Amino acid sequence: MHIADGVLPLSVSLAGYALTATGVGYSLRRLDSADLPKIAVVTSSFFVASLIHLPLGPTSVHLLLPGIVGALLGPAALLSIAIGLFLQSLLFQFGGLTALGANSLMMGVPALLAGFVFQRIRGRTRTSNALAGAVVSGGGVLLAGLLLATLLATAGEDFWGVAKLALAAHVPVMLIEGCVGGCTIAFLFRVKPEMLAARSFSGVGKKR
Amino acid sequence: MTPTLIQTFTLTPSQGAILLLCLLTPPLLLLAFRWKRKLSSGQREISPDWSIPTIDAQAQGSSLFHTWTPAVKIGSLLIVSFLIVALHALFWSAVGLAFALLTVHLARIPWQRPLRRLAAMSGLCVLFLLILPLTSPLRSGDTLLVVPLLEGMPLRLTGVILSLTITCKAATVALLMEPMFATAELARTLQGFATLGLPSSLTQMILLCHRYLFVFQQEAARMQRAMRVRGFVPGTNLATLRTTGNALGMLFIRSFERTERVYEAMLSRGYRGAFPATSREKIAAGDLAKAAVSIMIGLLLLVLDRLAPTPRF
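Residues numbered from 1 in each chain as written. Chains lettered and ligands numbered in written order. Predicted model: local features only at pLDDT ≥ 70, side-chain atom pairs only at ≥ 80, totals over all residues. Heavy atoms only, no water.

S.K.: Please clarify how helix α2 (residues 35–49) of chain A should be interpreted in this entry.
M.R.: An α-helical turn contains 3.6 residues, so any two residues separated by three or four positions project in the same direction. The end-to-end C-alpha distance of α2(A), which contains 15 residues, comes to 21 Å, matching closely the 21 Å that a straight helix rising 1.5 Å per residue would cover. Most of α2(A) sits out of view: 15 of its 15 residues are buried. (Helix = DSSP H or I, 4+ residues; strand = E, 2+ residues; numbered from the N terminus. Expected span 1.5 Å × (residues − 1). Buried < 20%, exposed > 50% of the residue type's maximum accessible area, 1.4 Å probe, protein only.)

Structural data, given as structure tokens:
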């Protein structure tokens, strides 16, 4: 769930923008310029993946994917997520333009953490990779939900009820995404394990 | 907080109906859109297909906004958006919404697209409209509204006003997105962003990502079709999750493998780290006049919001 315009206090929106801009600027400088077009292309596949809805009882949920983006892109995850969210706002109005900074942080921070944790705990076997994938995917959603609730709570005491409800709504998504993320990582480990290597992105462009 | 300070105000049936209509407009809009989508897709869809709308389909039109140089247009409308978001009072937020409606009218954009935006935005606003009036904490001096037929659920006046204010502000900025981004080709818009100081490497990434969205959406649709042909019926079960996980993995592998080919194709067409700029946009006096008018309106709203004495909302 992305925050719409007009919910957050102006100071929080601006602080979100400032932090996101710092993070994105850092990524842009640190990454090889040849990698940038490639990250853009991969970002569109994450965008499309996040549009896939899975049935959940009578309703359906869509995946948030911060864990997988973090595991696959590592330090470039924040950049990828900021671009994806800008386009989501532009095309669908999912998330407000003035809340873009806060929304990027809400998804980007879990993604960066997920990438870091995934490399630490993935181990060498398929099972351990799948478990690590499930943990960071589910954990990423949970952290995103916590950040969302925190951001909503900054808007005042009136919003605490909504914040709690939003956090509760993330729990089923967390379970679903944990399972899907574990399966995705297991699949990638079997089919193309080099994609999961640390700082995998610079490795993709190299000739094998 | 003593309960004696809380007033209870019973609405007449017509007042209650108007209030409920205000609160329920966004959810109804959302439902109407879902319903229309279901009707237009003909059959009962197994999984909802989220087609991606093009942002610059109306770029060839002619209006005040089409002739406005993108850099100045985006800059001033962004400032206006932030000024709108900073409003506190419901009344002035509603005035802002009226201005946004006027703006969309002036930009001569078909109403379908802004309506689609409003429906998408309603998702979160519904949460506020339905929850805030019931959960916002009672402070001394608050008023409880009792709607006829719903005596068991008194609504908090603070929550009602707050949720309506948020919805107005969100709708205003959502409507402004259309004149801001739909009245020029995306490449020109992004060039405007670069003029405003965004790194050009970033604007190029956005452009490229936008281009490949449609490619991967086709890819995902094809994979979904293939899965359906092989008897995949999504449901709330582990098999669905496993299959989806594998399908996503395949999508990511294809996209990673594609990056190299895309990059080589770009290099062979003369890409040297930058897309050739089409032309330098000139900033005319008219652009600055439009910027001045729009920012003045935004500032005026904010000043009135903070200074004018409005009765509680």
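And the narrative resumes.
S.K.: Just to check I follow, could you spell out the interface of chain B and chain A for this structure?
M.R.: How big an interface is tends to be stated in terms of the accessible area lost upon association of its parts. Taken residue by residue, the interface counts 75 residues in chain B and 75 residues in chain A. Between chain B and chain A, roughly 6700 Å² of surface is buried when both sides are summed, and carbon and sulfur atoms account for 81% of that area. One salt bridge connects Lys192(A) with Glu257(B), and the closest N-O pair in it is separated by 3.4 Å. Mapped by element, the contributors of at least two residues to the side of chain B that touches chain A are α2 (70–85), α4 (112–135), α5 (157–181), α6 (186–195), α7 (200–229) and α8 (238–268) of chain B. For the side of chain B that touches chain A, the residue count by class is 50 nonpolar, 17 polar and eight charged. (Contact = heavy atoms within 4.5 Å. Buried area = accessible area lost by both parts, 1.4 Å probe. Salt bridge = Lys/Arg side-chain N within 4 Å of Asp/Glu carboxyl O. Nonpolar A, V, L, I, M, F, W, Y, C, P; charged D, E, K, R; others polar.)

S.K.: I would appreciate a short explanation of the pattern of salt bridges in the present structure.
M.R.: Close approach of charged atoms lets side chains of opposite charge pair. Taken as a whole, this structure holds nine salt bridges over all chains when the rule is applied. A salt bridge links Glu194(A) to Lys192(A), with the nearest nitrogen and oxygen atoms 3.5 Å apart. Residues joined by salt bridges that share partners form a network here, namely Glu219(B), Arg222(B), Arg254(B) and Arg258(B).

S.K.: I tried to follow the packing of helix α3 (residues 66–73) of chain A against helix α6 (residues 126–154) of chain A on my own but got confused; where do I start?
M.R.: Each pair of packed helices can be described by the angle between their axes along with the distance between the axes. All names here are of chain A. In the contact formed by α3 and α6, the axes pass within 7 Å of each other and the chain directions differ by 125°. Considering their axes alone, α3 and α6 lie oblique with respect to each other. On α6, the residues touching Pro66, Gly67 and Ile68 of α3 are Val136, Ser137, Gly140 and Val141. A class-by-class count of the residues in the contact of α3 with α6 yields four nonpolar, three polar and no charged. (Axes fitted to C-alpha atoms, helices over the stretch in contact; angles between N-to-C directions. Parallel < 35°, antiparallel > 145°, perpendicular 65-115°, else oblique.)

S.K.: Is there a simple way to think about the packing of aromatic side chains in this case?
M.R.: To describe a pair of aromatic rings, one takes the distance between the centres and the angle between the planes. As enumerated under the stated definition, the model contains eleven aromatic pairs over all chains in all. Ring geometry for Phe47(A) versus Phe92(A): centroids 6.1 Å apart, planes at 25°, classification stacked. Residue Phe47(A) is located in helix α2, and its partner Phe92(A) is located in helix α4 (residues 77–92); the two are separated by 45 residues in the primary sequence. Relative accessible area serves as the criterion here: at 3%, Phe47(A) is assigned to the buried category. Look at Phe92(A) and you get buried, because its relative accessible area is 4%. For the ring pair Phe159(A) and Phe128(B), a centre distance of 5.7 Å and an interplane angle of 80° mean the geometry is edge-to-face. Pair noted here: Phe159(A) is in the loop between α6 and α7 (160–191) and Phe128(B) is in helix α4, and the two residues belong to different chains. With a relative accessible area of 3%, Phe159(A) lands in the buried category. Here the aromatic cluster, defined as three or more aromatic residues joined through ring pairs, consists of Phe47(A), Phe92(A) and Phe94(A). Against the face of Tyr263(B) rests Lys38(A), its NZ or CZ located 4.8 Å from the ring centre. (Phe/Tyr/Trp six-rings, centres within 6.5 Å; stacked < 30°, edge-to-face > 60°. Lys NZ or Arg CZ within 6 Å of the ring centre and 35° of its normal.)

Note that every value here comes from positions in space, so none of it alone points to a role or purpose.
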